[in-house]
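Survey of secondary and tertiary structure
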Amino acid sequence: MKIVSVVGARPQFIKAAVVSKELRKKFQEVLIHTGQHYDPNMSEAFFEELEIPEPDYKLGVGSLSQGKQTGEMLVRLEEVLVKEHPDLVLVYGDTNSTLAGGLAAAKLHYPVAHVEAGLRSFNRSMAEEINRVLTDHLSALLFCPTETAVENLKKEGITKGVWKVGDVMFDSIINYKDLAERNSTILEKLALEEKNYLLATIHRAENTDSIKNLQNILEGFLQSGEKIVLPLHPRTKKALEDSETKIPENVLAIEPLGYLDLLKLEANAKKILTDSGGVQKEAYFLKIPCITLREETEWVETIEDGWNLLVGSDKEKIVEAIRNFQSRGGQKTSFGAGNASGLLVEKIKEFLEEARP
């Protein structure tokens, strides 16, 4: 049986790294890279260091407006799906690649499996929220990382094909944390000492498209007086250049990093500041206090367990959190046992065997 997997962005590469290993034990996998993330440090580096199989198709869509990017993906994905005629199409997360993969498959009557289903920020101004809601309603199999995600789907009337398998990013942390600790030399390269710096990532449209929000965040970083390492996402770098906004002296801006280097920086930071859903979870799994530069989060469990704090782009809140926010110490929430990838592959196998005429 043949599974087509659609990826296009950094978080999806990380998830595919562990899921593809399990998939290929039981299925023929055809891997499609849409090209949503096309910077070598955001794409090729991940495939190399995580030993993800070379994509069978590279669509090379690149950076376009929301509509153009999703539409171009739809056109190119449809051509591949018609050619490959898969038994099922697997999509990850909440990007334009996710929605395009789900739509292309559903319109051609191929069943869709959604990894990381059921997440909700309840903020419809976020493109990611639209993507995840629509993809969930297109999917035949919905793999949820938490009980909260299962309940979110139930409230929308989705109960069939829903499975709580745990979080595949937890699988990734388990698989790669020790490797990152052994092999990454990023601390030495940047002359950093363990627990003597903060790590920040900024890439969400709400913070990069609003120069006021971005400037407020950077002002908060400056006023904190802490040493802050900031790998610059291409979108953030462009926003800074277009607005002629200068990076504060206490912020070390660097090029985007591969997964192992970023994991090493995360694990050894005092605190993490981010607007990324994936980085929030990585901080939680690594037990590093996280300050989220958004007004809401899909990962409410990290808030409830006391490891994450929402501050938005309010510079006073950012400074206060940098200075005073500490985790509560314990973690009661389960994101699974680190075997989500194997569980979801078993559910795919059962689904396809039942669907056979």
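To be clear, the structure that these remarks concern was listed above.
Everything in this summary refers to the structure shown in the same document. (Residues numbered from 1 in each chain as written. Predicted model: local features only at pLDDT ≥ 70, side-chain atom pairs only at ≥ 80, totals over all residues. Heavy atoms only, no water.)

1. Comments concerning the nonpolar core
Membership of the largest hydrophobic core comes to 68 residues, with the highest contact counts inside it found for L50, L90, Y259, L265, L344 and I348. Ranked by size, the runner-up nonpolar core spans 21 residues in total, among them L198, L218, L230 and L232. (Core = buried A, V, L, I, M, F, W, Y, C linked by side-chain atoms within 4.5 Å. Buried < 20%, exposed > 50% of the residue type's maximum accessible area, 1.4 Å probe, protein only.)

2. Describing the pattern of salt bridges
Tallied over the full model, the rule gives 26 salt bridges. The salt bridge partner of K26 is E346, with a shortest N-O separation of 3.2 Å. Taken together, the positions of K26 in the loop between helix 1 (10-23) and strand 2 (28-33) and E346 in helix 16 (residues 340-355) put the pair 320 residues apart, joining distant regions of the chain. Among the residues examined, K26 registers a relative accessible area of 41% and is labelled partly exposed. Judged by relative accessible area, which is 33%, E346 ranks as partly exposed. (Salt bridge = Lys/Arg side-chain N within 4 Å of Asp/Glu carboxyl O. Helix = DSSP H or I, 4+ residues; strand = E, 2+ residues; numbered from the N terminus.)

3. Some thoughts on the packing of helix 1 against helix 16
Packing of helix 1 against helix 16 leaves a shortest axis separation of 9 Å and a crossing angle of 45°. Comparing their axes, helix 16 and helix 1 come out oblique. Considering the relative orientation of helix 1 and helix 16, their crossing is right-handed. Mapping the contact onto sequence places V18, V19, E22 and L23 in helix 1 and S341, G342, L344, V345 and I348 in helix 16. Along the lines of polarity and charge, the residues of the contact of helix 1 with helix 16 split into six nonpolar, two polar and one charged. (Axes fitted to C-alpha atoms, helices over the stretch in contact; angles between N-to-C directions. Parallel < 35°, antiparallel > 145°, perpendicular 65-115°, else oblique. Left-handed = near helix turned anticlockwise from the far one by under 90°. Contact = heavy atoms within 4.5 Å. Nonpolar A, V, L, I, M, F, W, Y, C, P; charged D, E, K, R; others polar.)

4. Overview of the sheet that holds strand 6 (residues 141-144)
Spatially, seven strands are ordered 3-2-1-4-5-6-7 in an open sheet, and the strand pairing comes out parallel. Two strands bound the open sheet, and with one partner strand each, they are strand 3 (57-58) and strand 7 (162-164). When strand 6 meets strand 7, the two strands line up parallel, connected through three bridges. Residue C144 lies in a different strand from strand 7, and its bridge partner there is K164. The strands touched by helix 1 are strand 1 (2-7), strand 2 and strand 4 (88-92); relative to strand 4, the strand with the most contacts, the crossing angle is about 145°. (Pairing = 2+ DSSP bridges.)

5. A few points about the sheet that holds strand 9 (residues 228-231)
As summarised here, the arrangement of the six strands in space is 10-9-8-11-12-13, forming an open sheet in which the pairing is parallel. Edge positions in the sheet fall to strand 10 (251-254) and strand 13 (308-310), since each of these pairs with one other strand and no more. Neighbour-to-neighbour, the strand axes of the sheet open up by a mean angle of 20°, direction not taken into account. When strand 12 (residues 290-292) meets strand 13, the two strands line up parallel, connected through three bridges. Its bridge partner lying in strand 13, I291 is registered against L309.

6. As for the packing of helix 7 (residues 168-183) against helix 13 (residues 277-285)
Orientation of helix 7 relative to helix 13, taken along the N-to-C sense of each, is 55°, at an axis distance of 10 Å. Taken as axis vectors, helix 7 and helix 13 run oblique relative to one another. In the packing of helix 7 onto helix 13, the handedness of the crossing is right-handed. Here M169, F170 and I173 of helix 7 lie close against helix 13, whose contacting residues are G278, K281, E282 and F285. For the contact of helix 7 with helix 13, a count of residues per class yields four nonpolar, one polar and two charged.

7. Quick look at the packing of aromatic side chains
Describing an aromatic ring pair means giving the distance of the ring centres and the angle of the ring planes. Scanning the entire structure with this criterion turns up seven aromatic pairs. A network of ring pairs unites the aromatic residues F170, Y284, F285, W299 and F335 as a single cluster. Over the aromatic face of W163 sits the side chain of K347, whose NZ or CZ is 3.8 Å from the ring centroid. (Phe/Tyr/Trp six-rings, centres within 6.5 Å; stacked < 30°, edge-to-face > 60°. Lys NZ or Arg CZ within 6 Å of the ring centre and 35° of its normal.)

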